[in-house]
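Structure assessment
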Amino acid sequence: MKISKVDKVSDYVLNAIENLIPQLSSTSKIPTRTDLETIVNSNSTYLFIAEEDNNILGTLTLVFNKIPTGEKAWIEDVVVDKLARGKGVGKSLTQFAINYAISNGVTKIDLTSSPERVAANKLYQKLGFKKRTTNVYRYIAN
Ligand SMILES: CC(C)(COP(=O)(O)OP(=O)(O)OC[C@H]1O[C@@H](n2cnc3c(N)ncnc32)[C@H](O)[C@@H]1OP(=O)(O)O)[C@@H](O)C(=O)NCCC(=O)NCCS
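As the structure is a computational prediction, the values presented were derived from the model and not from experiment.

1. Side note on unusual backbone geometry
- Phi is positive for Asp-53, close to 50°, though the residue is something other than glycine.
- With respect to the element layout, Asp-53 can be found in the loop between strand S2 (45–52) and strand S3 (55–67).
- In this structure Asp-53 comes out as exposed when scored by relative accessible area, which is 70%.
- Phi is positive for Asp-77, which is not a glycine, with a value near 45°.
- The residue Asp-77 is located in strand S4 (residues 70–80) in this model.
- By relative accessible area, Asp-77 is classed as partly exposed at 40%.

In structure tokens:
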């Protein structure tokens, strides 16, 4: 299996993301090619993919965030294709993102995961993420 950063939004990448995002969230809008190009061309957001035999099996997005208290990284939108789960793809993607953040000088990596995402919570804890005691809020503008 190979993990890499996407530098160009090919049809291959677009089709894979269109397949994967609904497996992460049934309510999120599927990103367009332009959305993905914005991500790939950003210098703070990195789209990673896991591939085997010319098939994209999963994706993860790493976001760097420079704020007055330091630089942090966020792991977002981790999803592995249903047919490829349980084979270490999610673990490899997450470890790759951790290493990528560390090699860019970031030592604090955050993520959120809903408690009902049992596999995801186990995966993150296995890789060393510790649960924090903080409240997560969201404001939704109507
Ligand atoms: C969470 C997800 C990314 C895991 O990907 P994966 O490739 O299947 O996971 P891995 O095979 O790398 O497993 C890594 C670890 O996760 C845990 N895990 C994976 N699948 C699990 C399951 N079905 N039940 C419990 N723990 C599980 C295990 O601790 C596993 O380590 P182990 O194999 O040494 O026991 C995948 O299940 C997924 O895409 N789920 C739907 C989307 C989602 O919830 N994304 C996370 C958003 S926060």
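2. What about the environment of Ala-101?
- Locating Ala-101 in the fold gives a position in helix H3 (residues 89–103).
- For Ala-101, the residues in contact, after removing those within four places along its chain, are Leu-62, Phe-64, Ala-73, Val-106 and Ile-109.

3. Observations regarding the packing of aromatic side chains
- Using the criterion set out here, one finds six aromatic pairs in the structure.
- Ring geometry for Tyr-46 and Tyr-100: centres 5.4 Å apart, planes at 50°, overall tilted. Residue Tyr-46 is located in strand S2, and its partner Tyr-100 is located in helix H3; the two are separated by 54 residues in the primary sequence.
- Relative to Tyr-100, the ring of Phe-96 has its centre 6.4 Å away and its plane inclined at 25°; by these criteria the two rings are stacked.

4. Things to note about the sheet that holds strand S1 (residues 2–5)
- The sheet built from five strands is open, its strands ordered S1-S2-S3-S4-S5 with mixed pairing. Only two strands of the sheet have a single neighbouring strand rather than two, namely S1 and strand S5 (108–110). Geometrically, the sheet is characterised by an average inter-axis angle of 25° between neighbouring strands, direction not taken into account.
- Pairing of S3 with S4 involves nine bridges; the strand directions are antiparallel. Each bridged residue has a counterpart across the sheet, and for Ile-67 the counterpart in S4 is Gly-70.
- Relative to S3, H3 is tilted by about 30°, and along the sheet it contacts S1, S2, S3, S4 and S5.

Rules behind the numbers
- Numbers given for residues are sequential positions, taken from 1 along each chain in its written order.
- It should be noted that, the model being predicted, local features are given only for residues of pLDDT at least 70 and side-chain atom pairs only at 80 or more, the latter also being counted only at that level, while totals for whole chains, interfaces and linings use all residues.
- Just so you know, side-chain values use all the structure's heavy atoms and leave hydrogens and water out.
- Segments assigned H or I by DSSP are reported as helices when at least four residues long, segments assigned E as strands when at least two residues long, and all are numbered from the N terminus.
- Exposure is judged per residue with a 1.4 Å probe applied to protein chains only, and the accessible area is read against the type maximum: over 50% gives exposed, under 20% gives buried, and values in between give partly exposed.
- Pairs of residues are marked as contacts when any of their non-hydrogen atoms sit within 4.5 Å.
- Only Phe, Tyr and Trp rings take part, Trp by its six-membered ring, and two of them pair if their centres are within 6.5 Å. Stacked means planes under 30 degrees apart, edge-to-face means over 60, and tilted covers everything else.
- Note on pairing: DSSP must find at least two bridges between two strands before they are called paired.
- Axis lines are fitted to C-alpha atoms, over the contacting stretch for helices. Their N-to-C directions set the angle, which ranges from 0 to 180 degrees.

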